[in-house]
Amino acid sequence: MTNFFNWSFFFINIGSLGSVTILVYIQDNLGREWGYDTCACAILMGLVVFLLGTKPYRFKKLVGSPLTQIAAMFVAAWKKRHLELPSDLSLLFNIDDVTEG
């Protein structure tokens, strides 16, 4: 998952660099149509690569509305706000949940 994030962040930054250098050159010398077409193609390619890369990194299948899950997390955190932390911090993470998916 770290490699996926690193590569995606790298290409986001390359896209930013290209948009202020190469794209301006294309629009000035070839025309605005070429600039817009280049942007559209780059966005479509990025979307395809992103969608192809996300499936292997999904640990759990989604169940129900994501907003319900987020609200349940906030309610659980609020109810448990006065609990003391265990002395062994490895008890805070349940590895069985990750290996099931």
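Residues numbered from 1 in each chain as written. Predicted model: local features only at pLDDT ≥ 70, side-chain atom pairs only at ≥ 80, totals over all residues. Heavy atoms only, no water.

Describing the overall build of the protein chain
Across its full length, the protein chain carries 5 helices and 0 strands. Ordered by position from N to C terminus, the α and β elements of the protein chain give α-α-α-α-α. Taking all 101 residues of the protein chain together, the buried fraction comes to 6%. Per element, the accessible surface of the protein chain, about 9,500 Å² overall, is 69% carbon and sulfur. (Helix = DSSP H or I, 4+ residues; strand = E, 2+ residues; numbered from the N terminus. Buried < 20%, exposed > 50% of the residue type's maximum accessible area, 1.4 Å probe, protein only. Areas by Shrake-Rupley, 256 points an atom, 1.4 Å probe, with all protein chains shown as cover.)

Brief notes about the packing of helix 1 (residues 2-20) against helix 2 (residues 22-29)
The N-to-C vectors of helix 1 and helix 2 enclose an angle of 30 degrees; their axes lie 3 Å apart at closest approach. Judged by the inter-axis angle, helix 1 sits roughly parallel to helix 2. Taken together, the residues of helix 2 that come into contact with helix 1 (itself represented by Gly18, Ser19 and Val20) are Ile22, Leu23 and Val24. Residues belonging to the contact of helix 1 with helix 2 are distributed by class as follows: 4 nonpolar, 2 polar and no charged. (Axes fitted to C-alpha atoms, helices over the stretch in contact; angles between N-to-C directions. Parallel < 35°, antiparallel > 145°, perpendicular 65-115°, else oblique. Contact = heavy atoms within 4.5 Å. Nonpolar A, V, L, I, M, F, W, Y, C, P; charged D, E, K, R; others polar.)

With respect to a nonpolar patch on the surface
Nonpolar side chains collect at one region of the surface, where Trp7, Phe10, Phe11, Ile14, Leu17 and Val20 lie side by side and expose about 650 Å² of accessible area between them. The topology assignment puts Ile14 in helix 1. (Patch = residues over 30% accessible without salt bridge, like charges linked within 9 Å, V, L, I, M, F, W, Y side chains within 5 Å. Salt bridge = Lys/Arg side-chain N within 4 Å of Asp/Glu carboxyl O.)

Observations concerning the packing of aromatic side chains
Taken as a whole and assessed by the stated rule, the structure comprises 3 aromatic pairs. Look at Trp7 and Phe10: their rings are 5.8 Å apart centre to centre, the planes differ by 90 degrees, and that puts the pair in the edge-to-face class. On the criterion of helical spacing, the pair formed by Trp7 and Phe10 is a turn pair, its members being 3 residues apart in helix 1. A centroid spacing of 5.2 Å and a plane angle of 75 degrees characterise the contact between Phe10 and Phe11, whose relative ring orientation is edge-to-face. Of the aromatic side chains, those joined through ring pairs into one cluster are Trp7, Phe10 and Phe11. The positively charged end of Arg81 is found above the aromatic ring belonging to Trp78, 3.9 Å away from the centroid. (Phe/Tyr/Trp six-rings, centres within 6.5 Å; stacked < 30°, edge-to-face > 60°. Lys NZ or Arg CZ within 6 Å of the ring centre and 35° of its normal.)

Some details on helix 4 (residues 66-79)
Owing to its 3.6 residues per turn, the α-helix brings residues three or four apart onto one side. Relative to the 20 Å expected for 14 residues at 1.5 Å per residue, helix 4 spans 20 Å between its end C-alpha atoms, a close match to the ideal helical length. Its side-chain oxygen placed 3.2 Å from the backbone nitrogen of Leu67, Ser65 serves as the N-cap of helix 4. (Expected span 1.5 Å × (residues − 1). Polar contact = N/O pair within 3.5 Å; in protein donor to acceptor, adjacent residues only side chain to side chain.)

What to know about the UniProt feature "transmembrane region" (unreviewed entry) in the protein chain
UniProt records the feature "transmembrane region" (unreviewed entry) at residues 7-28 and 34-52, using the numbering of this structure. For the annotated span residues 7-28, helix accounts for 95% and strand for 0% of the residues, and the straight-line distance between the end C-alpha atoms is 30 Å. Between the C-alpha atoms that bound residues 34-52 there is a distance of 27 Å. The span itself is 100% helix and 0% strand. (UniProt positions renumbered as here; feature names shortened; annotations may be inferred.)

Here's the deal with the packing of helix 2 against helix 3 (residues 32-54)
It is the contact of helix 2 with helix 3, at a shortest axis distance of 6 Å, that shows an interaxial angle of 145 degrees. The residues of helix 3 that touch helix 2, namely those facing Leu23, Ile26 and Gln27, are Arg32, Trp34, Gly35, Tyr36, Thr38 and Cys39. Of the residues contributing to the contact of helix 2 with helix 3, the split by class is 5 nonpolar, 3 polar and 1 charged.

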